[in-house]
Amino acid sequence: MLRVDDVSWAVPAARILDGVTCAAPRGSLVGLLGPNGSGKTTLLRIVAGLLPAGSGAVTLDGDTVAAMPRAVAARRMALLAQHSETDLDLTVTEVVLLGRTPHRRSRWSEGDTDRAIAGQVLDQVDLADFADRKWQTLSGGERQRVQLARALAQEPELLLLDEPTNHLDIGHQLQLLHLVRRSGTTTLAALHDLNLAAMFCDLVVVLDQGRVAASGAPFKVLTPDLLKQVYGVDADVTTHDGRPVITYRRPT
Amino acid sequence: MLAAGLVLSVGAAVTVGPADLSMGTVWSVVAAHTGLAESTVPLLRDHIVWELRLPRVIAAAVVGAGLAVVGAVLQTVTRNPLADPYLLGVSSGASLGAVGVIVLGLGAGVAALAGGAFLGALAAFALVLLIAGWRGTLRPTRVVLAGVAIAQLCAALTSFVIIWAADPHATQSITFWLSGSMARADWTALAWAGVALGVALVVILWHARALNAFAFGEEAAAALGIAVGRVRWVLLVVAALLTAVLVAVSGAIGFVGLILPHAARFVTGPDHRRLLPVVALAGAIFLIWVDTAARTVFEPRELPAGVLTAVIGVPAFVILLSRGRDAAR
C-alpha cells in the first residue's frame, strides 16, 4: 500500500505541492486528477523517488521511498511516461527486457527467468506476436502497450502512470487502462480524461494548485460543484452502469 | 572473428612500407623481443619492425579503438547522435597546449608536445565541467554547449598563437599535428595510452547495461534503477581522460569517434554489450589501415591520418547507411 503523507514541494517562485496526503490501497487503481499545472506530475515523480520531497514522506508498505537505493526503488515501482521516444533501432523484446535492469543477477547477460518474464508480460498486453518487431515500426498505441509490458517486467508492487493515454485514440485509451486493471497491480495514474477516470478508478484524488481538493470514490468526488470549483467548467453528472458520466456544457 | 582480424591487421600492416618485409620476419622480431625465440633477423630489419613500424601500427590500433568506444559512449550519455570524443573541448584544449609548448620553446621533443597536449586537454575539460556544473546539475545539453564554447575559444587562441609566433617551421609542424598523425608514436607513449585504454574499457564495459537503460532518456533510466548522475559523471570523466591521452599521442583524428559507432550499430544493434567490443575492434582495424595508407600511398610524402579517415570512411559509411536501412525495414 502506498501512503503519501503531507508532502510539499516548492520552487523559489511557487509552491507546487502543499501538504498533499493520499493513499493507494493494495490492488486498487487510483486516479490522480486536476488541471494542468496542479502538481500531478511533480507528485508522481516524488512518489517514484526521482525527486526528493521538500517535506513530508512517501512510504510503500511502510518503507520510506526517499531512503531506498535507486535499484531497490525500481524493483518495487515502475513508471509509464506520457510517451517514450528513442532514436535507437530496438526490438520490442529489447525494450521489454530493459524492465529487467533493476533485477539483474549478472552485470552482463539476461537469464532464462528474464526472458520468460518478458514473454509473459508481452502476452499480458496482447502483444505476444510482436516480440521481434522493431520499436520504430509500431503505432502510438502499440508503443504504450510495449512500455506497459516493460513496466510490468519490473514486477512492481506499484505502477505509476503519467497521463499514459494522452496521445492515444479512444480505442487505445480504453484498451490501455483495461490492461492496467487486468494486471491487478496497485496503480497511481495521473489522468486528464475525467470520464475515463470515472470508468476505471476505484478512487480518485483531485489536485488543485498543489492541494488536495477532494478525494474518494469517483461518484462522491466528481460532482458539478467540484468541477466548477477546480476546472471552472459547467457540467452535468449522470450515472451509467453505476459509474458517473460527465457531460460538459459550452462556456457562456 | 574481429579479434583475429585485428591480429592479422597488425601483422600485415607492419609488412607494408618502403622496406620489404614478410609476415614471417615480423613474427620472428616480435618473438625475439618478447623472449619467445632467439633473434634470427638482421639488426636493421629488426630495428625497422620494432622501433619504427610496430609502435606506429599499435598506436593506430589503440587510438582507433579508444576514439570509437568514447564516441559510442558519449553518443549514448548525451543522447546526441552527433557527439564525438572531441565534444568535451578536449581536442581543442590539447591543440592549444601543444601549440603553446612549441611556440614558447618549452621543448620540441615528442614528450614535451604530448605533455603540453595532455595538460591542455585536461584544462579544457575542467573548464567545461566548471561551466556546465556551475550552480546546477550536470545536464547533457549544458555539457555539450560548454564543450562547444570552450572548443571555439581554444581554436581561436590556437590561431592567434600560431599567427603571433609567425615561425614557418613551427606552423608546419603544428598544422601536421592538428590534422592527426601516428608518426610520433613510441613505446613510452604507447605504454601510457595502452594503460589508459585498458582501464577505460573496463570501466565502460562495466556500465554497458546501464548505458542500455538510457535508450528512452535519463528519467526513464533513473526509473529503471540507474544512478543517472553518478553514471554520467564517471563515464564523462573516463571518456575525457582517455581522449586526452589519445590526443596527446596522435593529435586530433576526426571521423573515427563520430561515424564508427553508427556503422557498428548497423551491424550489432544498439545493445552496448555487443556494440562496445565490436566498435573497439572495428576502430582499431580501421585506423591501422587508414594510417598504413597515409604513410605509403603517396610515398615518400606522408598524409595526416586525419585527412584520410574521412576520405576512406565516408564512402564506406554511405554504403553501410543504404544497406542498413534496407535491413531494418
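Sequence order sets the numbering: in each chain, residues are counted from 1 along the sequence as written. Each chain takes a letter, starting from A, and each ligand takes a number, starting from 1, following the order in which they are written. This being a predicted model, a pLDDT of at least 70 is required before a residue's local features are given, and a value of 80 or more before pairs of side-chain atoms are given or counted; all residues contribute to the totals for chains, interfaces and linings. Computation of side-chain values covers all heavy atoms of the structure but excludes hydrogens and water.

> Can you walk me through the packing of aromatic side chains in this structure?
To describe a pair of aromatic rings, you give the distance between the ring centres and the angle between the ring planes. All names here are of chain B. Any pair of Phe, Tyr and Trp rings, taking the six-membered ring for Trp, is counted once the centres come within 6.5 Å. Such a pair is stacked with planes under 30 degrees apart, edge-to-face with planes over 60 apart, and tilted for the rest. Taken as a whole, this structure holds four aromatic pairs over all chains when the rule is applied. When the centroid spacing of 6.4 Å and the interplanar angle of 10° are considered together, the rings of phenylalanine 160 and tryptophan 164 count as stacked. Placement of both phenylalanine 160 and tryptophan 164 in helix H6 (residues 140–165) is noted, with a separation of four residues, approximately one turn of the helix. In this structure phenylalanine 160 comes out as exposed when scored by relative accessible area, which is 52%. Runs of E in the DSSP output that reach at least two residues are strands. Runs of H or I that reach at least four are helices, and both are numbered from the N terminus. The rule is simple: take the accessible area with a 1.4 Å probe, protein chains only, and divide by the maximum for that residue type; under 20% is buried, over 50% is exposed, in between is partly exposed.

> I would appreciate a short explanation of the layout of surface pockets in the present structure.
Over the atoms, a rolling probe the size of a water molecule traces out where space has been left empty. Residues and elements named next belong to chain B. The computed volume of the second largest pocket comes to approximately 450 Å³. Put simply, the grid is 1 Å and covers the protein atoms alone, a cavity is a trapped set of points that fit a 1.4 Å probe, a pocket is an open set with protein on both sides within 12 Å along at least five of seven lines, and lining residues have an atom within 4 Å of a point. In terms of lining residues, the second largest pocket is bounded by 22 residues, among which Phe118, Ala189, Trp192, Val245 and Ala248 are the most central. Those elements giving two or more residues to the lining of the second largest pocket turn out to be helix H5 (110–133), helix H8 (187–206) and helix H11 (228–250). Counting residues per element, the lining of the second largest pocket draws most heavily on H8, which supplies eight residues. Grid points are joined across faces, edges and corners, and a volume is the space filled by probe spheres set on the points.

> Where do I start with H8(B) in this structure?
Think of an α-helix as 3.6 residues a turn; residues three or four steps apart then line up on the same face. Residues and elements named next belong to chain B. End to end, H8 covers 28 Å across 20 residues, agreeing with the expected 28 Å (1.5 Å per residue, within 8%). Buried residues of H8: Ala189, Leu190, Ala193, Ala196, Leu197, Ala200 and Ile204, and no others. The buried residues of H8 all sit within an arc of 135° when viewed along its axis, so they share a single face. In H8, the exposed positions that point more than 90 degrees away from the buried face belong to Thr188, Val195, Val199, Val202 and Trp206. Where H8 is buried, its residues contact helix H3 (43–77), helix H9 (208–212), H11 and helix H13 (272–296). Between the first and last residue of a helix there are one fewer steps than residues, each counted as 1.5 Å, and that sum is the expected span. The arc in question is the one traced by the directions running from the helix axis out to the C-beta atoms. Contacts are residue-level and defined by heavy atoms, with any inter-residue pair within 4.5 Å sufficient.

> For this particular structure, what's the right way to read a nonpolar patch on the surface?
On the surface, Leu127(B), Leu130(B), Ile131(B) and Trp134(B) cluster together into a nonpolar patch covering about 420 Å² of accessible area. A relative accessible area of 42% places Ile131(B) in the partly exposed class. Like-charged residues are merged into a patch within 9 Å and nonpolar side chains (Val, Leu, Ile, Met, Phe, Trp, Tyr) within 5 Å, provided each residue has over 30% relative accessible area and no salt bridge. The method behind every accessible area is Shrake-Rupley, applied with a 1.4 Å probe, and residues are considered shielded solely by the protein chains displayed. When a carboxyl oxygen of Asp or Glu lies within 4 Å of a side-chain nitrogen of Lys or Arg, that pair is called a salt bridge.

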